[in-house]
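Results of the structural survey
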Amino acid sequence: MSWVTAVWSMNAAACLTLSGFYFAVWCKQRQTPMYLVFSCSAIAAAAISVFELWMLNSTTVDQYEQLVRWIHVPTWVLTLSFVAFVRLYLHAGRLWLVWSIYALRTVVLIVNFIFPVGINFTAVTDIRQFSWGGQMVSVPVGTQNPWGLLSTISLLLLLIFSVDAAITVWRSGDRRRALLIGGSMIFGAILAWHVPLVIWGVIDVPFFLGFTYTAIVATMGYELSNDLARVAGLARELEISEKRLNLAADSADLGMWEWDIARDEIWITDKGRALLGFDPSERINRDRFLSVMHPEDRDSVLQTLENSMRAGAQYESEYRMMLPNGQLRWMTGRGHVEFNRNGQPVRMRGASLDITKRKQAEDQFRLVVEAAPSAMIMVNTEGQIALVNTQAEAVFGYSREELIGHPLEMLVPERFGSHHMDYRHGYFGDARARPMGAGRELFGLRKDGSEVPIEIGLNPIHTSEGLFVLASVIDISERKQAELDAARRRNEMAHLSRVTTLGELSGSLAHELNLPLGSILSNAQAAQRILANGDANLPEVREILGDIVSEDKRAAEVIRRLRLWLKKGEVQQHPVRINKVVQDVLKLIRSDLINQQVTVHTELARNLPTVTGDPVQLQQVLVNLMVNACDAMADCNAPERRLLIRTAIEDGSSAVIVSVTDCGGSIPEKKMEEIFEPFFTTKEKGMGLGLSVCRTIIAAHRGKLWATNNADRGATLHFILPVMASDKASVTTNNGIG
Ligand code: ADP
């Protein structure tokens, strides 16, 4: 056998071996068409080698014509599979070039079989033989077919395609592949030009197209074998990491599972089987799985499953499994569904975790919350109520079902609604245990629309499901009521003491006036008797009248002394900050104001100079004026009951003025002074002493008290007090400079 025959045959055999090997690989991995494409390339390269050997040994023109025509079949297969391989393996090469090459090469094949001799020659006239490497080889001699140009163009397109793909791969950073596969294809496309050169008689070499293609196929095969080796390595690593994962899952009490939906087969790790109470070897399907699930949980799990299979949503559910020993185990399952190309669910993978301990802890937590003496409400970050206890139901009048899952704002009176939402957001931003709304009156909204005064303590709770806040709510209605009762009792005491004072006053008045009045009466009766007798003794009558006048003067003196006693009032001299007095009084009667639903506004001037006097007496004055103002507004609607307390500097900084303005009824103009007289009252149970006493106190402080009607409605009571001497000096100086 000649060495040419031996070498060309060996080349074909090598290609066939490669083809066979990768065909076998493709049979195992049908989802990877690349292996089939490669196998086709290799078989085509082998066929080309065989055809070439045949041509080199050919002796008749007829035989040559047949071979030249039929070699186009493996060439067509080779070109198509090379291009497909580049696209599939390198993900490179322009699509329009792919289709152009496919179309042109197919046209070449068709034209090749239309012409009698083929696309290369119109006729093969002779066979030229020459010696090469000591062996005689044959090449054809004939007239060229102009259609052969199509074959040349398709070769040119293949070259362009290869260069373009190699550049793309190079740019993407994979230079080795660009050099190996792209480079070998470019090299092969260039070397293919030896065929026309041999036919035209330019060079005398045997056809070696088969070797060129074998080189390309070998390069591709080398790359594929690298990939195979890498895949094998990855599979090994995967196996190891799977083992590690299983180990970790086992130690975390995690059972992994996979459900083949079409075959209804569930695979579960050994740990999972143990957790769910299945036998290590028993076959598990959907019905078997559901059979050991607590009947109360089945519907919800099935619903979640259905939802995941329909919408592709993440599967997540909590359920109880009934173990063979009769115990219940709480599990949580999470997984996802895999769909085929038609959108049918085919597989579901996931993991199940034993959460019995967590559930027990949650139950204990619930018991603790339930046993708490105050109302407890747990809220999530969205402001939804997650948990309440019986006390909460009692305080707000809602049932548990009406509260859970609903927004917390349903328990907040409308006027606090938006503030409350902002407060809640703020709290979750800096969640820590603290009382809510320090210093403010808090109210809750009951189901019947009434409001309940409450105190709230907030505690953040960090759970596996995120951050919650646990609010402990104390109903302080009873305490408030007790405070109001105490205030009422205080008022009643004050009233009683006023009545007692009045009683004492009238008692002493009666006692003091009894004597002079008795004397006046007996003198007047004596005068009447004298005049009745008709013997008028004028000097005696004059004396009697003189006695009456002096007794009357005595009575007037008694009254004057009493008024003087009232006036004197023993004013203590202390420096007094009038704003402080106002604030103290507001604190003192706060509960009365709330009780009467009166809103108070203050406009207190800053840096007021101090006045001198008795703070307690000044408090009494303010209390009296405010109580009168509240009484005057008693007939108004609750939102209109507004009280304004103002303090300001008056008289060029030498006095401080305080005014109490209400929105109640006005004072008739002609009674503007009368109201300050003792015993003047328009109230059913009034004594008419308050304003007269206030005026006496203010006068004792060298001040003035008076009343005016407001422009719109209601009245204002004003009093002015002189500034303390030292403060006056400093204020004046300041003013002088300023
Ligand atoms: P009493 O409060 O016991 O009636 P007062 O001397 O404090 O005694 O008040 C005398 C009267 O002055 C009241 O009955 C009322 O008619 C009138 N009065 C006092 N303050 C106001 C006010 N702010 N607005 C309207 N009338 C007032």
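Let me sum up the structure you'll find in this document.

Calculation notes
Residues numbered from 1 in each chain as written. Predicted model: local features only at pLDDT ≥ 70, side-chain atom pairs only at ≥ 80, totals over all residues. Heavy atoms only, no water. Near = heavy atom within 4 Å. Polar contact = N/O pair within 3.5 Å; in protein donor to acceptor, adjacent residues only side chain to side chain. Areas by Shrake-Rupley, 256 points an atom, 1.4 Å probe, with all protein chains shown as cover. Helix = DSSP H or I, 4+ residues; strand = E, 2+ residues; numbered from the N terminus. Nonpolar A, V, L, I, M, F, W, Y, C, P; charged D, E, K, R; others polar. Buried < 20%, exposed > 50% of the residue type's maximum accessible area, 1.4 Å probe, protein only. Contact = heavy atoms within 4.5 Å. Pairing = 2+ DSSP bridges. 1 Å grid on protein atoms, 1.4 Å probe; cavity = no way out; pocket = protein on both sides within 12 Å on 5 of 7 lines; lining within 4 Å. Points joined across faces, edges and corners; volume = space filled by probe spheres on them. Patch = residues over 30% accessible without salt bridge, like charges linked within 9 Å, V, L, I, M, F, W, Y side chains within 5 Å. Salt bridge = Lys/Arg side-chain N within 4 Å of Asp/Glu carboxyl O. Disulfide = S-S within 2.5 Å. Core = buried A, V, L, I, M, F, W, Y, C linked by side-chain atoms within 4.5 Å. Phe/Tyr/Trp six-rings, centres within 6.5 Å; stacked < 30°, edge-to-face > 60°.

**A short note on the site of the ligand**
Every one of the 18 residues lining the ligand counts as a neighbour, but N628, T681, T682, K683 and L691 are closest to it. T682 places a side-chain nitrogen or oxygen 2.4 Å from an oxygen atom of the ligand. G690 places a main-chain nitrogen or oxygen 3.4 Å from an oxygen atom of the ligand. Isolated, the ligand exposes 530 Å² of accessible area, and the fraction of that covered by the protein chains is 91%. Of all the elements in the fold, those that place two or more residues in the shell around the ligand are α21 (615-632), α22 (690-700) and β20 (715-722). Of the residues that constitute the shell around the ligand, the class distribution is nine nonpolar, seven polar and two charged.

**Some remarks on the side chain of S308**
As for its placement among the helices and strands, S308 is situated in helix α12 (residues 295-311). Its relative accessible area of 1% is what places S308 among the buried residues. If we ignore the near neighbours within four places in the chain, the residues touching S308 are A313, Q314, Y315, V337 and F339.

**Quick notes on the pairing of strand β19 (residues 704-709)**
In terms of strand pairing, β19 meets β20 through six bridges, oriented antiparallel. Bridge assignment links K704 to a residue of β20, and that residue is I720. Linking two consecutive strands that pair antiparallel, namely β19 and β20, is a turn of five residues; a positive phi of about 85 degrees is found at G714 within it.

**So, empty space enclosed by the protein**
One pass over the full model with this rule turns up three cavities of 30 Å³ or more. The computed volume of the largest cavity comes to approximately 180 Å³. Looking at the largest cavity, it is lined by 13 residues, and the ones nearest its centre are W257, W259, I266, F289 and L305. Broken down by element, the lining of the largest cavity gets its largest block of residues, three residues, from helix α11 (residues 286-291).

**Some details on a nonpolar patch on the surface**
A contiguous nonpolar patch, built from L197, W200, V202 and I203 and spanning about 370 Å² of accessible area, is present on the exposed surface. Mapped onto the elements of the fold, V202 is located in the loop between α8 (194-199) and α9 (209-251). For V202, a relative accessible area of 57% gives the class exposed.

**A word on the state of the cysteines**
As used here, a disulfide is simply a covalent bond connecting the sulfur atoms of two cysteines. Tallied over the entire structure, the rule returns zero disulfides. Free cysteine C27: the closest other cysteine sulfur is in C40, separated by 11 Å. Overall, C27 belongs to the partly exposed group, its relative accessible area being 34%.

**As for the nonpolar core**
Membership of the largest hydrophobic core comes to 70 residues, with the highest contact counts inside it found for F82, F85, M185, Y213 and L224. If you tally residues by element for this core, the top one is helix α2 (residues 33-56), at 13 residues. Contact partners of F82, with chain neighbours within four places excluded, come to S41, M185, Y213, I216, V217 and M220.

**With respect to helix α3 (residues 61-70)**
Buried residues of α3: Y64, E65, L67, V68 and R69, and no others. Contact partners of the buried residues in α3: α2, α4 (72-90), α5 (95-114), β1 (121-132) and β2 (135-144).

**Topic: the pairing of β20**
A large share of β20 lies buried, amounting to eight of its eight residues. Along β20, one buried face is formed by A715, L717, F719 and L721 and the opposite face, lined by T716, H718, I720 and P722, is buried too. With seven bridges joining them, strand β18 (residues 655-661) and β20 adopt antiparallel strand pairing. Its bridge partner lying in β20, V656 is registered against L721.

**With respect to the packing of aromatic side chains**
Taken as a whole and assessed by the stated rule, the structure comprises 17 aromatic pairs. With centroids separated by 4.6 Å and ring planes inclined at 85 degrees, the aromatic side chains of W8 and F211 adopt a geometry described as edge-to-face. Taken as a pair, W8 in helix α1 (residues 3-28) and F211 in helix α9 lie far apart in primary sequence, 203 residues in all. Judged by relative accessible area, F211 falls into the partly exposed class, the value being 24%. Arranged with centres 6.0 Å apart and planes meeting at 80 degrees, the rings of F82 and Y213 form a pair that is edge-to-face. Of the two residues, F82 is situated in helix α4 and Y213 in helix α9; the sequence distance between them amounts to 131 residues.

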